[in-house]
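# Observations on the three-dimensional arrangement
In case you want the letters, here they are:
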Amino acid sequence: MTNSVTTYAVIRNIRAMREQRWLRIIPVALIMYIISYVDRTNISLTLDPSISSMMKDLFMDDRLKGQAAGIFFLGYVLLQLPGGYLASNWSARKVISIFLIAWGVCAVGCGLAKTFWQFEIARFLLGVAESGVFPATTVLLASWFPRAERARANGYWNLCQPIAVVASAHLTTGLLAHFDWQRTLMFEGALPFIWLPIWWFCIRDHPREANWLSSQEREYLEQTLEREASSLEPTKGTPLVSRLANPSLLVMIVIYFLHNCAAYGCMTFLTSGLKAMGFSKDQYGTLFAIPYAVTAVIMILNSWHSDKTRERRGHVAAVYTLSGGSLILSVLLRDHFWLSYILMCLAIPGPFAAMAPFWAIPSETMPRAALGLVVGIVNAFGNLGGFAGPFIAGWLSKETGNMATSFTVLGTGMLVAAGLAFLLPKAVAVTTVVTTTTLSDEPAAKSVT
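Residues numbered from 1 in each chain as written. Predicted model: local features only at pLDDT ≥ 70, side-chain atom pairs only at ≥ 80, totals over all residues. Heavy atoms only, no water.

### Focus: the pattern of salt bridges
Considering all chains together, one arrives at six salt bridges under this definition. Taking the shortest distance from any N to any O, the salt bridge between Arg 152 and Asp 307 comes out at 2.8 Å. You can see Arg 152 sitting in helix 7 (residues 147-158) and its partner Asp 307 sitting in helix 14 (residues 281-309), a full 155 residues away along the chain. Classification of Asp 307 by relative accessible area gives buried; the value is 5%. Via salt bridges that share partners, Arg 152, Asp 307, Arg 312 and Glu 364 belong to a single interconnected network. (Salt bridge = Lys/Arg side-chain N within 4 Å of Asp/Glu carboxyl O. Helix = DSSP H or I, 4+ residues; strand = E, 2+ residues; numbered from the N terminus. Buried < 20%, exposed > 50% of the residue type's maximum accessible area, 1.4 Å probe, protein only.)

This is how it looks when you write it as structure tokens:
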């Protein structure tokens, strides 16, 4: 009887710890990154000539439209490595605070642009200002969530992407109904300044710095995370360059490049398929948002099942295959609008739903000291696909007069990425013994694999 009560108390303690972390860390990080994605996705709507005069005002055709959407990602390469390194070796909280200020300034600057080249420069600088945020946040989550929770933590945080599109679709179309595109971008660009104080006062880099955790909770998390990290540490004296000289790093870059080609190519040119149907602005915003609402559901299910089974590669490949196949079928059935649209709703989630298991892999297979750099390298070079996808889609659209070829190429890239996913490394199985103190101060041991 005593053992049963003790076990129940341990489980209750651990659940309470998890609830505090999920409610404290994830929502603040989620909203922070939603704001960054609003500044990325609102361009898809402001560049649509049926609801905004931006293309006309800045004298853009489809090729320049793709270039305008993609130039962000050339800047996005520049500070990935410094951002990841500083987050690992200094403070993720402070790094992200600095970037919040920088990207707020640049996002407002996009709305102040009067010419195409001014807008290009502002978008490029916006990419630079946001470039260190992703690796820094990945490092932060790895410092708060053990391996058994990491895909869900990454998945819930990455919900920012579809949520931002859903929110931005209605917010941006609503603002465009009352204001011009310049003021719309400036209003949305001011959001980082509002969130900065909340981020600064709510977030801490490590559990040991959180005074809102009990000493029992801090000890449990620090011991668990340290044990997992130590299992991945290489032999002493191994140079960092040697740790990074791993073929799987190149595979991750190629996968993430194809991933971003599809994600941002589809996002930028999804509106093209809606133009000819004569929808109102409200209907337009709703139809643009629905695929991303579906994305949020698939992301949660995929990350939950990945953590439940402790499997990553198959979960990445499965959603990439769903995305690539649906995207190609949507093109083949483009003469049947609603059927094609349903397939697009299944095509768009793939890149987003893969992110939780995909980013769990480096945190489970790389030493902690190298994690920030690895994430920075993959995110930096992989996000060049965010430039290539819209650019190639826009160029092919201009050359062929339709989006069929563009979406077929993007879908094929997703199928290739699905095959490459099985070349990624598997996490090393670790068996540990976690000692937890119960509410009655009786020690209890629990084996964790």
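### Some words on the environment of Ile 194
Looking at where Ile 194 falls in the secondary structure, it is placed in helix 10 (residues 191-202). Distance in space between the C-alpha atoms of Ile 194 and Leu 100 is 9.8 Å, their sequence separation being 94 residues.

### Notes on the packing of aromatic side chains
All chains considered together, the criterion is met by 23 aromatic pairs. An angle of 35 degrees between the planes, with centres 4.7 Å apart, marks the rings of Trp 22 and Phe 145 as tilted. With a gap of 123 residues between them, Trp 22 in helix 1 (residues 2-46) and Phe 145 in the loop between helix 6 (133-142) and helix 7 connect regions that are remote in the sequence. You'll find Trp 22 and Phe 145 in the same group, each marked buried. (Phe/Tyr/Trp six-rings, centres within 6.5 Å; stacked < 30°, edge-to-face > 60°.)

### Looking at unusual backbone geometry
Unlike most non-glycine residues, Phe 59 shows phi in positive territory, near 55 degrees. For Phe 59, the position within the fold is in the loop between helix 2 (54-57) and helix 3 (62-75). Even without a glycine there, the phi angle at Arg 310 is positive, about 55 degrees. Positionally, Arg 310 belongs in the loop between helix 14 and helix 15 (313-332). Overall, the relative accessible area of 43% leaves Arg 310 in the partly exposed class.

### Some thoughts on the confidence of the model for the protein
When pLDDT is averaged along the protein, the result is 81, and 84% of the positions lie at 70 or above. Across residues 5-11, where pLDDT falls below 50, the model places eight contacts with residues more than four positions away in sequence or in other chains. Below pLDDT 50 for its whole length, residues 430-449 participates in 47 contacts with residues either more than four positions away or in separate chains. (pLDDT = per-residue confidence, 0-100. Contact = heavy atoms within 4.5 Å.)

### Side note on a nonpolar patch on the surface
A contiguous nonpolar surface patch, about 420 Å² in accessible area, is contributed by Tyr 85, Leu 86, Trp 90 and Ile 98. Relative to the elements of secondary structure, Tyr 85 occurs in helix 4 (residues 80-112). Its relative accessible area of 43% is what places Tyr 85 among the partly exposed residues. (Patch = residues over 30% accessible without salt bridge, like charges linked within 9 Å, V, L, I, M, F, W, Y side chains within 5 Å. Areas by Shrake-Rupley, 256 points an atom, 1.4 Å probe, with all protein chains shown as cover.)

### Digging into helix 9 (residues 181-189)
The periodicity of an α-helix, 3.6 residues per turn, causes residues three or four positions apart to be oriented the same way. Within helix 9, the full set of buried residues consists of Trp 181, Gln 182, Thr 184, Leu 185, Glu 188 and Gly 189. For helix 9, the angular spread of the buried residues around the axis is 165 degrees, confining them to a single face. (Arc of directions from axis to C-beta.)

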